[in-house]
Amino acid sequence: MRKIGVSSTLTVYHDGQFWVGTFERVEGGRLSACRIVFGAEPSNEEIQELICKGWNQLQFTEAIACVADVPTVAANPKRRQREAARELAQRGPSTKAQLALAEAREALAQERKADAREHREQLKQQRFEQRQEKRKQKHRGK
């Protein structure tokens, strides 16, 4: 039986205008991310409700391969507390999560672009057919 390690991280930060949450999920060595805009500062209860009741509705990006950073656990609780405070002060959401979100955004943009191109081509073809039909009508009249 294979063991699959699953790890989830939620980072809540203020981006200057809104409070944003970035979920990072590492499952089987593959990272996927989801970005949620809260608006006002979320309370602990709101975050817990989102995790418990809204987890299935979150739309995570396609999983990308990553090497999960396995933290070494310090035996000293004071050292662990200092390391946690230092990490919170230094980093926002991981760059891997930002990369995954950017790739998802790019994929959606490419899809929209392809749909718009197809729609333009359909309209162009439709106008051409209308012109041809109009020409035939004019020719028949003579």
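Residues numbered from 1 in each chain as written. Predicted model: local features only at pLDDT ≥ 70, side-chain atom pairs only at ≥ 80, totals over all residues. Heavy atoms only, no water.

A.B. asks: Outline the environment of Phe 38, listing residues and values.
C.D. replies: Within the secondary structure layout, Phe 38 lies in strand β3 (residues 30–39). Remark: the alpha-carbon pair of Phe 38 and Phe 18, spanning 20 residues in sequence, is separated by 6.8 Å. (Helix = DSSP H or I, 4+ residues; strand = E, 2+ residues; numbered from the N terminus.)

A.B. asks: Can you break down the sheet that holds strand β4 (residues 64–65) residue by residue, with the values?
C.D. replies: Spatially, four strands are ordered β1-β2-β3-β4 in an open sheet, and the strand pairing comes out antiparallel. Looking at the sheet topology across the chains shown, the edges are occupied by β1 (6–14) and β4. Packed onto the sheet, helix α1 (residues 44–53) meets β1, β2 (19–27) and β3 and runs at close to 145° relative to β1. (Pairing = 2+ DSSP bridges. Contact = heavy atoms within 4.5 Å. Axes fitted to C-alpha atoms, helices over the stretch in contact; angles between N-to-C directions.)

A.B. asks: Can you explain helix α2 (residues 77–90)? Please cite residues and give values.
C.D. replies: The terminal C-alpha atoms of α2, which comprises 14 residues, lie 20 Å apart, in line with the 20 Å expected from a rise of 1.5 Å per residue. Between a side-chain oxygen at the N-terminus of α2 and the backbone nitrogen of Lys 78 the separation is 3.0 Å; the capping residue is Asn 76. (Expected span 1.5 Å × (residues − 1). Polar contact = N/O pair within 3.5 Å; in protein donor to acceptor, adjacent residues only side chain to side chain.)

A.B. asks: Residues and numbers for a positive patch on the surface, please.
C.D. replies: Judged by side-chain charge, Lys 78, Arg 79, Arg 82 and Arg 86 come together as a positively charged surface patch. Structurally, Lys 78 is set in helix α2. (Patch = residues over 30% accessible without salt bridge, like charges linked within 9 Å, V, L, I, M, F, W, Y side chains within 5 Å. Areas by Shrake-Rupley, 256 points an atom, 1.4 Å probe, with all protein chains shown as cover. Salt bridge = Lys/Arg side-chain N within 4 Å of Asp/Glu carboxyl O. Lys, Arg positive; Asp, Glu negative; His and termini not counted. Charge placed at Lys NZ, Arg CZ, Asp CG, Glu CD.)

A.B. asks: Which residues make up the pairing of β3, and what values do they have?
C.D. replies: In terms of strand pairing, β2 meets β3 through nine bridges, oriented antiparallel. Bridged to Val 20 within β3 is Val 37. The turn joining β2 and β3, which pair antiparallel and follow one another in sequence, is formed by two residues; a positive phi near 65° is taken by Gly 28. Note that β3 and β4 share two bridges and pair antiparallel.

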